[in-house]
Amino acid sequence: MLVDWEQMLSYMTHHPRWFENFTRRSPSSDFLRHYREIMPGGWPLRRHGYWMIAEPPDTPMPDQGWKLHVSATSGTGADTLRLALPVLRDAGVRFKFLMDPAALMEANGKSYGRGSSGKFIAVYPADEQQFHAVAEDLTKALAGFEGPYILSDRRYPGSRVVFYRYGGFKSLPKLRPTGLRELMIAEPDGTLVRDLRTPYWSMPDWADDPVARKFAPSREIDSETTALAGGRFTVESAISFSNRGGIYKGIDTEAGAEVVLREARPGVQVGPKGRDAVDLLRHEYDLLSDLADTGLFVRPISFFTQWEHAFVAQEYIEGSHIGYLSITQNPVYSLDLSPESLTEYYQRFRGLWLQVAEAVAVAHERGIVLGDLSTTNVMVTPDDKVQVIDLECAFHEGVDEGARMCTWGMVTKKAATSQTGDRRSDYYALGGVLLSCVLVCAQVDAVNRDIPRQLLKEVAADLNLPVELTSLIEDLRDEDAPLPDPDVIRKRIADIPFGTAWQTAPPLARSRWCRIQSPVTACTNGSTRRSRAWWNTCVRRLISAARTACSPPTCWSSKPTRFRWRTARTGLSMPCTYWARRSRIRSCRGLYDTQPDTMRCHPVSTTGAPESLGRCPRWATRSWPSRPCVPLVSIRFYWTSQEFWPDRPVTQWPACGSGETPG
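Remember, predicted model here, so these are calculated numbers, not experimental data.

(A) Expanded view of the side chain of lysine 119. Topologically, lysine 119 is positioned in strand β5 (residues 119–124). Buried within the structure, lysine 119 lacks any salt-bridge partner; its nearest side chain of opposite charge belongs to aspartate 153, at an N-O separation of 4.4 Å. A polar contact is formed between the side chain of lysine 119 and the backbone oxygen of glycine 115, at a distance of 3.3 Å. Polar side-chain contacts of lysine 119 include one of 3.3 Å to the side chain of serine 152.

(B) The packing of helix α8 (residues 322–329) against helix α10 (residues 339–365), seen in detail. For the pair α8 and α10, interaxial distance at closest approach is 12 Å and the crossing angle is 170°. The angle between the axes of α8 and α10 places the two elements in the roughly antiparallel class. Facing α8, whose interface residues are Ile322, Leu325, Ser326 and Gln329, α10 presents Tyr345, Arg348, Phe349, Leu352 and Trp353.

(C) Representation of the nonpolar core in the model. Among the nonpolar cores identified, the biggest contains 65 residues, and Phe297, Ile322, Tyr346, Trp353, Leu391 and Val438 are the most heavily contacted of them. Counting residues in hydrophobic clusters, the runner-up holds 44 residues, among them Val70, Leu98, Tyr156 and Tyr166.

(D) Geometry of the pattern of salt bridges. Scanning the model with the defined rule gives 36 salt bridges in all. We note a salt bridge from glutamate 55 to arginine 94, for which the minimum N-O separation is 3.3 Å. One end of the pair, glutamate 55, is in the loop between β2 (51–54) and β3 (64–71); the other, arginine 94, is in strand β4 (residues 94–98), and 39 residues separate them in sequence. The salt bridge partner of arginine 213 is aspartate 208, with a shortest N-O separation of 2.8 Å. A relative accessible area of 44% means that aspartate 208 is categorised as partly exposed. Residues joined in a network through salt bridges with shared partners are Glu146, Arg155, Arg160 and Glu308.

(E) Looking closely at the packing of aromatic side chains. For the structure shown, the criterion picks out 26 aromatic pairs. Plain terms: the ring middles of tryptophan 353 and phenylalanine 498 are 6.3 Å apart, the flat faces sit at 65° to each other, and that makes the pair edge-to-face. Of this pair, tryptophan 353 sits in helix α10 while phenylalanine 498 sits in the loop between α15 (486–494) and α16 (517–524), and the two are 145 residues apart along the sequence. Taken together, the ring pairs connect Trp66, Phe131, Tyr156, Tyr164, Tyr166, Trp201, Trp206 and Phe215 into an aromatic cluster. Positioned above the aromatic ring of tryptophan 51 is the side chain of lysine 96, whose terminal nitrogen or guanidinium carbon lies 4.5 Å from the ring centre. A cation over a ring is seen here: arginine 282 above phenylalanine 303, with NZ or CZ 4.7 Å from the ring centre.

(F) Summary view of the pairing of β2. Of the two faces of β2, the one lined by Trp51 and Ile53 and the one lined by Met52 and Ala54 are each fully buried. Here strand β1 (residues 45–48) pairs with β2 via 4 bridges, running antiparallel. Looking across to β2, one finds that arginine 46 is bridged to isoleucine 53. Hairpin remark: β1 followed by β2, antiparallel, with 2 residues in the connecting loop; positive phi at glycine 49, about 65°.

(G) Looking closely at the sheet that holds β2. Read from one edge to the other, the open sheet built from 7 strands follows the order β1-β2-β4-β5-β3-β7-β6, with strand pairing classed as antiparallel. Either end of the sheet is taken by a strand with one partner, and the two such strands are β1 and β6 (154–155). In this sheet, β5 lies alongside β3 in antiparallel orientation, the contact comprising 4 bridges. Across the sheet, the residue bridging to serine 71 is lysine 119, located in β5.

(H) Seen up close, the sheet that holds strand β8 (residues 173–175). In space, the 3 strands of this open sheet follow the order β8-β9-β10, with antiparallel pairing throughout. The open sheet has two free edges, formed respectively by β8 and β10 (192–194), since each of these has just one partner strand. If you compare each strand with its neighbour and ignore which way they point, the axes differ by 50° on average. When strand β9 (residues 181–186) meets β10, the two strands line up antiparallel, connected through 3 bridges. When the bridges of β10 are listed, alanine 186 appears paired with leucine 192.

(I) Molecular detail of the pairing of strand β13 (residues 245–252). Among the 8 residues that make up β13, 6 are buried, leaving the element largely enclosed by the rest of the structure. Inspection of the sheet shows strand β12 (residues 233–242) paired to β13 by 8 bridges, in the antiparallel sense. The residue of β13 that forms the bridge with serine 242 is glycine 245. Linking β12 back to β13 in an antiparallel pair, the connection comprises 2 residues. Inspection of the sheet shows β13 paired to strand β14 (residues 257–264) by 6 bridges, in the antiparallel sense. Paired with tyrosine 248 across the strands is leucine 261, a residue of β14. Hairpin connection of β13 to β14: 4 residues between the antiparallel strands, including glycine 256 at a positive phi of 70°.

(J) A look at the environment of proline 497. Tracing the backbone through its elements, the reader meets proline 497 in the loop between α15 and α16. A residue is classified by how much of its surface remains accessible, and proline 497, at 28% relative accessible area, is partly exposed. Excluding its chain neighbours within four sequence positions, the residues that come into contact with proline 497 are Pro466 and Glu468.

(K) Representation of helix α13 (residues 451–463) within the structure. The first and last C-alpha atoms of α13 sit 18 Å apart over 13 residues, in line with the 18 Å expected at 1.5 Å per residue. Among all positions of α13, only Pro452, Leu455, Leu456, Val459, Ala460, Asp462 and Leu463 are buried. The buried residues of α13 occupy an angular sector of 160° when the element is viewed end-on, so they sit on one face.

(L) Region of the structure containing the packing of helix α12 (residues 423–438) against helix α14 (residues 467–476). Remark: α12 packs on α14, axes separated minimally by 8 Å, with the N-to-C direction vectors making an angle of 145°. α14 is crossed by α12, and the crossing has left-handed handedness. Between α12 and α14, the residues in contact are Arg424, Tyr427, Tyr428, Leu430, Gly431, Leu434, Leu435 and Val438 and Leu469, Leu472, Ile473, Asp475 and Leu476, respectively.

(M) Structural context of the environment of glutamate 146. By the secondary structure assignment, glutamate 146 is in the loop between α5 (128–141) and β6. Judged by relative accessible area, glutamate 146 falls into the partly exposed class, the value being 45%. Spatially, the C-alpha atoms of glutamate 146 and proline 266 are 9.3 Å apart, while their sequence positions differ by 120 residues. In this structure glutamate 146 touches Thr76, Arg160 and Val161, once residues within four positions along its chain are discounted.

(N) View of unusual backbone geometry. A positive phi angle, close to 65°, is found at aspartate 384, a residue other than glycine. Among the secondary structure elements, aspartate 384 is positioned in the loop between β21 (378–380) and β22 (386–388). A positive phi is found at glutamine 419, a non-glycine position, where the angle reads about 60°. Considering the arrangement of structural elements, one finds glutamine 419 in the loop between α11 (413–418) and α12. Look at glutamine 419 and you get partly exposed, because its relative accessible area is 31%.

Analysis parameters
Within each chain, residue numbers correspond to sequence positions counted from 1 in written order. In keeping with the model being predicted, local features are shown solely for residues with a pLDDT of at least 70 and side-chain atom pairs are shown and tallied solely at 80 or more, while totals for entire chains, interfaces and linings include all residues. The basis for the side-chain values is all heavy atoms of the structure; hydrogens and waters are excluded. The helix and strand labels rest on DSSP assignments: H or I over at least four residues marks a helix, E over at least two residues marks a strand, and numbering proceeds from the N terminus. Each residue's exposure class comes from its accessible area (1.4 Å probe, protein chains only) as a fraction of the maximum for that residue type: buried when under 20%, exposed when over 50%, partly exposed otherwise. Positive charge is attributed to Lys and Arg, negative charge to Asp and Glu, and no charge count is given to His or to the chain ends. Put simply, a salt bridge is a Lys or Arg side-chain nitrogen that is within 4 Å of an Asp or Glu carboxyl oxygen. What qualifies as a polar contact is a pair of N or O atoms within 3.5 Å, subject to a donor-acceptor requirement within protein and to the restriction that residues adjacent in sequence count only when both atoms come from side chains. All axes are obtained by fitting lines to C-alpha atoms, using only the stretch in contact for helices, and the reported angles, taken between N-to-C directions, cover 0 to 180 degrees. What sets the label is the angle itself: under 35 degrees gives roughly parallel, over 145 gives roughly antiparallel, 65 to 115 gives roughly perpendicular, and the rest give oblique. Pairs of residues are marked as contacts when any of their non-hydrogen atoms sit within 4.5 Å. Here, nonpolar core means buried Ala, Val, Leu, Ile, Met, Phe, Trp, Tyr and Cys residues that are tied together by side-chain atoms lying within 4.5 Å of each other. Two rings belonging to Phe, Tyr or Trp (six-membered ring only in the last case) form a pair when the distance between their centres is within 6.5 Å. Interplanar angles under 30 degrees mark stacking, angles over 60 mark edge-to-face geometry, and anything in between is tilted. Geometrically, a lysine NZ or arginine CZ counts as sitting over a ring once it is within 6 Å of the ring centre and also within 35 degrees of the ring normal. A strand pair is defined by DSSP finding two or more bridges across the two strands. Any helix carries an expected span of 1.5 Å times its number of residues minus one. The directions from the helix axis to the C-beta atoms are what the arc is built from. Two helices crossing with the near one rotated counterclockwise from the far one by less than a right angle form a left-handed crossing, whereas a clockwise rotation gives a right-handed crossing.

What follows is the structure in structure tokens.
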């Protein structure tokens, strides 16, 4: 089942490790205090999710109709509610409001759903007469207030914060095949249709806009225009959308060059302090202007305003980010572990690492802390030139501050706790970039900071990585180490002996695991989006190869035990039959994950029967792949019992049947 990122994110903010919903948090008293002071005691108040619902006694409510919304920011929410409550009380109308400033800031956040963002108070008038009366009174009471524009609504004339739309008043849910529920409204003949909450104005065909009948129609936004900044920039396509605003590809008509246009909507709050998105975009533009002459950061072209939204035009960078490049080029994931492939890969990426290290050093020389350096904001052009993008978290040291956000795996514990980056954290992030180019495992330090270090140690032994590389990564990611010398870091990168590191194939290439490489390579060549039948064929080949490679020696039980794992991002389930000596099993773990940007459910230690290995939690399942990806194909299992050879790397354990037994 596919779940929207915005919906998943709402379950990730209430506990540092587990998925929890908003019912786990109690509201603060900021808004409830005003409610208790102003509203009569006979009005019941109940909580539903993030909302506090106020119901006047003995007042029926229609199933659907024209509703009103009031927008606000977390800073103006208390005053907005204080002035709106007398209007709603005197009108005797049902309404609800977000429970506290933290909930309001989340609803205004850059990752919140665009169709719902900005709504602080929702009002349910009984009829059209009450609709206009309440809207006009709220307009007067909240004159001079500003709030984010509610994309699904229209502004009520004369107000900056009062909006309206047609929709359901009562919940009429319908269960979808995916297991999610969608809200419905009824057509005049009683037929139920979906209550659309789109990030743009829409109303049912049978509805008649009551505001358009009373006031002259106005067009606030020309949604069809593609010309910006007086015609200088022309939008060609949309790259992505978020609540903060869109990112578009366009043309600079003056220079005839391709550009990227980044949008910011006023009132959208970014980061833990809720910084306004427009202010933050201007801040980022100023930082990029300070670094434009270095050639290591994306070049800004113009900052301008269109209608109420702010835009930054910056040069278009052809290429991909270093994270994607490393995943698609890393020999570990392509299963080509020849000395030539390893040497070519690491020599190429050494050049990229040197440029990233130079970008960090140049920024620090100019008093700028990057704050959120990661693999996804380091772009690589086709000629292997590095350009750092996305400086919303950067800041002039001791002068201002950025968005105060971070990427796990790329930030020290101190910086994450204080929500403020520093120079040492930038070098920690540089180590995270290097580590991610070796093996994508940096982000698991959010759970345990020893895991990336342990995985690096294992992959270094499996691939015969130069000790100069592993020691450099460990030093960069040592949070207690002093701030490194930029010149020393660049010299250490340049001196890594990749040219002589692999005279022969590494231990991983010589393992039994590599017997399945040929049929797997046939599956992965040119893999982009494939049909279910294609994936089934690939899996069948893989299972057949695994059975051949892992055929049971005579000293093992001949009874097969089926093992099954899933990936959380793609839902690709892959059974692999293996045979185990039951008395010896303590745990079984897969080392490498070839899925880009994914988290795999690994089998964990068990004391029960082998059949209990590999059971995944329910949250680890997702729908069939629907986007280009690399199939999960690296199969390797280690029997990690202390009864085996604890003093040897697992790659040096003798094959079962060789006659050698543990000491």
